[in-house]
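# Structure assessment
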Amino acid sequence: MDFELAEEHRLLQRMVRDFVDKEVMPRARQVDESGEFPWETLRAMAPLGLLGLNIPEKYGGAGGDQLGAAIMLEEIGRGCGSTGLIVAAHLGLACGPLALFGSEGQKRKWLEPMAIGQILGALGLTEPGAGSDLRGIRTAAVRRGDEWVINGSKMWLTNGAEAGVLILFLRTGDRSSHIIVPADAPGVSFGRPEKKMGLHGSHTYALTLEDVHVPTENLLGVEGRGLPQTMQVLDSGRIGIGALSLGLAQGAYEAACEYARLRRAFGQRLNQHEAVAFMLADMATEIQASRWLVYHAAWLKDQGRPFTKEASMAKLFASEAAERVARNALQIHGGNGYSQEYPVERIYRDARLMTIGEGTSEVQRLVISRLVA
Ligand SMILES: Cc1cc2nc3c(=O)[nH]c(=O)nc-3n(C[C@H](O)[C@H](O)[C@H](O)COP(=O)(O)OP(=O)(O)OC[C@H]3O[C@@H](n4cnc5c(N)ncnc54)[C@H](O)[C@@H]3O)c2cc1C
């Protein structure tokens, strides 16, 4: 066994960390308070290859692997949850299915501009009546001549109105399929960004589809295989959300360490009080455990080995750990932790999503239980 990162991963980690320290972290509070979409940061990420990190070079990507993508999302999450979720959704949920199932023509047309950061992507699975149980979707595509005609609605699309391309999970007959829909196609309309508890810079939309026509060649992958294809996409996406959770936890932990070093009470620094020091010890331990679960799941994928169970374990543990770590980081800050002056308040709200998106904790336990029982 070798727990050292390879040099390419260490260099990537250093490069993204520097970028996040200079460009992402200083803007995180402003992004949260204003709710503005961090276009400027994303534009700066594109030339570094971060928006197509694990996409093959021949399609405009940086040719990295899943471990590299996890390291990148961890580092971005350490600085800003909103920016991290935008990138995780773009790369894992939108580039992911195109890279997995796209034809050569689809990859050239859609994946390439996404990988170089010219356009963002979004994935629409969830509907008002179907989230965890995606078999309940009602939005349908009907074939008419050489076109699909799409009607229905989707919910909670991360990057929705900012995206140039939407990958939609739809009924086609009595089964489901994925269809690529340009975001500016007539009949596509988005609601206002949802008012959320956190992740204010990552916009989430309801989507309405009214007689949207796209060519039949926009079918992605195999007709009728939408559900298994979705599960495959989510396997990788969950490593990404695990990595983002890990980064959020790391950011909260670092803030708590610094605060506990500087703040004094009862004649000593906070970190000299055993109750606080033990909280920090638990946080560090949970972060380390999350990191190895996330890196291991990514490594399995990069080895071409099965990783469904490990991806769910990583997502489940890291997201729940991030919540506990953020909670304790806030506690260590006392009253200041409840103030927007300190980053832990934002991280606490941002981390809360991680046990819900891309499959709730309960769904992860279902997946794991089926693979261990
Ligand atoms: C900020 C944000 C961003 C999102 N981004 C996207 C996106 O980009 N694309 C997209 O398609 N979706 C997105 N989602 C939707 C997200 O994936 C769903 O909210 C999530 O999968 C849960 O679905 P639901 O909300 O319909 O809850 P439900 O499925 O209704 O679940 C409600 C509760 O019941 C529990 N439950 C359900 N079934 C079971 C079971 N069998 N056993 C035990 N408990 C169960 C769930 O765990 C949960 O606690 C996003 C959501 C949010 C909040």
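Cut-offs and rules
- Residues numbered from 1 in each chain as written.
- Predicted model: local features only at pLDDT ≥ 70, side-chain atom pairs only at ≥ 80, totals over all residues.
- Helix = DSSP H or I, 4+ residues; strand = E, 2+ residues; numbered from the N terminus.
- Rg over C-alpha atoms; globule rule 2.2 N^0.38 Å.
- Buried ≥ 20, exposed ≤ 12 C-beta atoms within 10 Å, placed from the backbone.
- Contact = placed C-beta atoms within 7 Å.
- Pairing = 2+ DSSP bridges.
- Near = placed C-beta within 6 Å.
- Nonpolar A, V, L, I, M, F, W, Y, C, P; charged D, E, K, R; others polar.
- Domains from an automatic or database assignment.
- Core = buried A, V, L, I, M, F, W, Y, C linked by C-beta atoms within 7 Å.
- Expected span 1.5 Å × (residues − 1).

### Regarding the overall build of the protein
Looking only at helices and strands, the protein has 10 helices and 10 strands in total. A compact globule built from 373 residues would reach a C-alpha radius of gyration of about 21 Å, and the protein, at 21 Å, matches this within 12%. For the protein, the spread of C-alpha atoms along the three principal axes comes to 80 × 45 × 45 Å. For the protein, with 373 residues in total, the buried portion stands at 53%. A fraction of 75% describes how many contacts in the protein between residues 6 or more apart in sequence connect residues 24 or more apart.

### Some words on the pairing of strand β7 (residues 204-215)
The pairing of strand β3 (residues 147-158) with β7 spans 9 bridges and is antiparallel. By the bridge assignment for β7, I150 is matched with V212. Across 3 bridges, strand β6 (residues 188-190) lies against β7 in antiparallel orientation. Bridging from a neighbouring strand, S189 pairs with T208 of β7.

### So, the site of the ligand
Residues in contact with the ligand amount to 24 residues; listed here are only the nearest, L125, G131, S132, T360 and E362. Here the shell around the ligand is composed, by residue class, of 12 nonpolar, 9 polar and 3 charged. Two domains each donate at least three residues to the shell around the ligand, and these are domain 2 (121-224) and domain 3 (227-372).

### Considering the domain arrangement of the protein
Under the domain assignment used here, the protein contains domain 1 (7-119), domain 2 (121-224) and domain 3 (227-372). Listed by contribution, the elements that provide at least two residues to the side of domain 1 that touches domain 3 are α1 (7-34), α3 (66-79) and α4 (81-101).

### A look at the nonpolar core
Ranked by size, the top nonpolar core spans 113 residues in total, and within it I179, A252, V294 and A326 carry the most contacts. Top element by residues in this core is helix α6 (residues 226-262). It accounts for 15 residues.

### What about the pairing of strand β5 (residues 175-182)?
Most of β5 sits inside the fold, with 6 of its 8 residues counted as buried. Here strand β4 (residues 163-172) runs beside β5; their pairing, made up of 8 bridges, is antiparallel. Within the sheet, the bridge partner assigned to L166 lies in β5 and is V181. Here β5 runs beside strand β8 (residues 219-220); their pairing, made up of 2 bridges, is antiparallel. Note that in β8 the partner of H178 across the bridge is L220.

### Points about unusual backbone geometry
Located in the positive-phi region is L199, a residue other than glycine, with phi close to 50°. Overall, the presence of 27 C-beta atoms within 10 Å leaves L199 in the buried class. In the Ramachandran plot, E358 falls in the positive-phi region, its phi being about 55° despite a non-glycine side chain. Classification of E358 as buried rests on a count of 29 C-beta atoms within 10 Å.

### A short note on helix α7 (residues 274-302)
Taking 1.5 Å as the rise per residue, α7 with 29 residues should run 42 Å; its terminal C-alpha atoms sit 42 Å apart, in good agreement. Where α7 ends, the next residue or the one after it, G304, has phi of about 75°, a positive value.

### Points about the environment of F190
By the element assignment, F190 lies in strand β6. Judged by the 19 C-beta atoms lying within 10 Å of it, F190 falls in the partly exposed class. Each C-alpha atom of the pair F190 and Y205 lies 6.2 Å from the other, and the pair is 15 residues apart in sequence. Each residue touching F190, except ones within four places of it in the same chain, is listed here: G160, A161, Y205 and L207.

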